[in-house]
Amino acid sequence: MRLAWRLFIVVISRVQKTLHGSSDDIGWLQCTPGVAPVEDGTTRFLEVLQGIRNGEHMLPNSYVYLLIPGLFSNLGPLYFVSTKKFFSKMGLACHIAKIHSEASVEHNAWELKQYIEELYWGSGKRVILLGHSKGGVDAAAALSMYWSDLKDKVDGLALVQSPYGGTPLVSDILREGQIADRETRMIMEFFICKLIKGDMQALDDLTYEKRREFIMNHKLPECIPLISFHSEASVAPSVLATMSHIAHAELPSLPFPGFGSRESDVQGGHKVPVVIPVSAVLALSALHLQLRYGEKSDGLVTCRDAEVPGSVVVRPDLKLDHAWMVYSSWKKDPNEPDACEMSEALLTLLVELGKKKQEQGSE
């Protein structure tokens, strides 16, 4: 009888923990006493963005611009590729960090530290960072852990849709003590470690528990210019038909039987786009977070968890999901800004912020 009662209590506890989820964790950083306030930079961002669409490009070529991809970016060959090409056409030195995105935050922080130093010593130019999703978390970790080595080499960081405070999706999946927690972890370990040869720590590092621990032990330097960008995904039914262009596939030579001529062969080497309904998945995820927690999100990261203390926050009134900034939509609207222009506007704003901080420091 006692054993049955204990099992009943355990089951009830697990059910309660599962249902409660991340209710007490979302936005925890904003509620922490003593954290630096944020400043709203949306208005200035939109002014810069409009200028870019009118042909006013102000990014100086005196910097190296480093784009840092996020989790699972190794599975999408076109991650950040359009933005890099866009910057290169303007004569800017732009690189995509070659890191294993499925590695832990601390591992990638060390890799980025070395990467930044190589860029600096190779070019003689200071580096400006733009990190998307976990890439922003990795970049912030590099600055907070190795600032003494990087303070003369980095002039700013823009975190784009980054789960700086953590993310409820990962936390809800990996939370210990809830229903089927061991089975869920086993499935995720198989996917991360066996299928894509990653490190399970990469996911663990994005839980609220791990982000709390890391942020409390590794503070970002106050003098570094910071921008936080977050957005809200659309949950409209029309989004379910939106396709994202994530890669190219090369066709092999395929002869058509029965024609008997070489002209009937499909020539190899032709590339066809690979498109998948990323936006549809993120829309469903955003709807889930909205219904369960009442939180706005881009489908993976809530708006409150993406705001870094002490940063200038950009909150565009546009419906943009988590993948929009790095993968182009299959159907583009020429009347709306694209991800390349948005990235340029963020970096332009970051350069302006750096100049302001320098002027304030010299006074």
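Residues numbered from 1 in each chain as written. Predicted model: local features only at pLDDT ≥ 70, side-chain atom pairs only at ≥ 80, totals over all residues. Heavy atoms only, no water.

K.L.:
Which parts of the structure should I look at to understand the overall build of the protein?
P.N.:
Counting its secondary structure elements, the protein contains 12 helices and 10 strands. By residue count, 49% of the 363 residues in the protein fall in the buried class. When contacts within the protein are restricted to residue pairs at least 6 apart in sequence, long-range pairs at least 24 apart make up 81% of them. Accessible surface, the protein: about 18600 Å² in total, of which carbon and sulfur atoms supply 56%. (Helix = DSSP H or I, 4+ residues; strand = E, 2+ residues; numbered from the N terminus. Buried < 20%, exposed > 50% of the residue type's maximum accessible area, 1.4 Å probe, protein only. Contact = heavy atoms within 4.5 Å. Areas by Shrake-Rupley, 256 points an atom, 1.4 Å probe, with all protein chains shown as cover.)

K.L.:
What's the story with the side chain of S228 in this structure? I'm lost.
P.N.:
By the secondary structure assignment, S228 is in strand β6 (residues 226-229). Polar side-chain contacts of S228 include one of 3.1 Å to the backbone nitrogen of V308. Of the polar contacts made by the side chain of S228, one reaches the side chain of S311; its length is 2.7 Å. If we skip the residues at most four places from it in the chain, S228 touches L159, A306, E307, V308, S311, V312, V313 and V314. (Polar contact = N/O pair within 3.5 Å; in protein donor to acceptor, adjacent residues only side chain to side chain.)

K.L.:
Teacher, can you tell me more about the nonpolar core here?
P.N.:
Side chains that are nonpolar tend, in soluble globular proteins, to be buried together. L66, I68, L129, L143, L157 and Y164 are the most contacted members of the largest nonpolar core, which has 39 residues in total. For this core, the elements supplying multiple residues, two or more each, are β2 (63-68), α4 (105-123), β4 (126-132), α5 (134-145), α6 (147-150), β5 (154-160), α10 (208-217) and α11 (278-293). If near-sequence neighbours (up to four positions away) are discounted, Y164 is found in contact with L29, V137, A140, L159, R211, I215, L220, D305, V308 and P309. If you look at the next biggest cluster of nonpolar residues, it comprises 37 residues, including L49, V314, V326 and L353. (Core = buried A, V, L, I, M, F, W, Y, C linked by side-chain atoms within 4.5 Å.)

K.L.:
Help me out: how do you make sense of the pattern of salt bridges in this one?
P.N.:
Side chains that differ in charge, positive against negative, can pair when their charged atoms come close. Summed over all chains, the structure comprises 16 salt bridges. The shortest N-O distance in the salt bridge between K113 and D149 comes to 3.9 Å. Here the residue K113 occupies a position in helix α4, and D149 occupies one in helix α6, the gap between them amounting to 36 residues. Judged by its relative accessible area of 33%, D149 is partly exposed. We note a salt bridge from D172 to R175, for which the minimum N-O separation is 3.0 Å. (Salt bridge = Lys/Arg side-chain N within 4 Å of Asp/Glu carboxyl O.)

K.L.:
Sorry, what's going on with the pairing of strand β3 (residues 93-96) here?
P.N.:
If a strand is regular, its side chains alternate between the two faces of the sheet. Only one face of β3 is covered, namely the face carrying C94 and I96; the face carrying A93 and H95 is uncovered. Across 4 bridges, the pairing between β2 and β3 is parallel. The residue bridging Y65 from the neighbouring strand is C94, located in β3. The parallel pair β2 and β3, bridged by helix α3 (residues 81-89), forms a crossover whose chirality is right-handed. (Pairing = 2+ DSSP bridges. Right-handed = clockwise from strand over helix to strand, strands pointing away.)

K.L.:
Just to check I follow, could you spell out the environment of L66 for this structure?
P.N.:
Inspection of the secondary structure puts L66 in strand β2. Taking the C-alpha atoms as reference, L66 lies 6.3 Å from L130; in sequence the two are 64 residues apart.

K.L.:
What should I look at first to understand the sheet that holds strand β1 (residues 39-40) in this one?
P.N.:
The strands that make up a sheet are held in pairs by hydrogen bonds between backbone atoms, and each pair lies either parallel or antiparallel. Reading across from one edge, β1-β9-β6-β5-β4-β2-β3 is the order of the 7 strands in this open sheet, with parallel pairing throughout. The sheet is open, and its two edges are formed by β1 and β3, each paired on a single side. By the bridge criterion, 6 bridges tie β4 to β5 in an arrangement that is parallel. In the sheet register, G131 faces β5, and the bridge partner there is L159.

K.L.:
Help me out: how do you make sense of the pairing of β4 in this one?
P.N.:
In terms of burial, β4 is largely enclosed, as 6 of its 7 residues are buried. Sheet topology note: the β2/β4 ladder contains 6 bridges and is parallel. If you follow L66 over to β4, its bridge partner there is L129.

K.L.:
Looking at this model, I keep getting lost on the packing of aromatic side chains. Mind explaining?
P.N.:
Aromatic ring pairs are described here by two measures, namely the spacing of the ring centres and the angle between the planes. Inspection of the entire model under this criterion finds 7 aromatic pairs. Considering the side-chain rings of Y65 and F87, the 6.2 Å spacing of their centres and the 70° angle between planes classify their relative orientation as edge-to-face. Taken together, the residues Y65 in strand β2 and F87 in helix α3 connect sequence positions 22 residues apart. By the burial criterion, Y65 is buried, and F87 matches it. With 6.0 Å between their ring centres and 45° between their planes, F86 and F87 make a pair best called tilted. For F87, a relative accessible area of 0% gives the class buried. Taken together through their ring pairs, the aromatic side chains of Y63, Y65, F86 and F87 make up a single cluster. A cation sits over an aromatic face here: R211 above Y164, 5.1 Å from the ring centre. (Phe/Tyr/Trp six-rings, centres within 6.5 Å; stacked < 30°, edge-to-face > 60°. Lys NZ or Arg CZ within 6 Å of the ring centre and 35° of its normal.)

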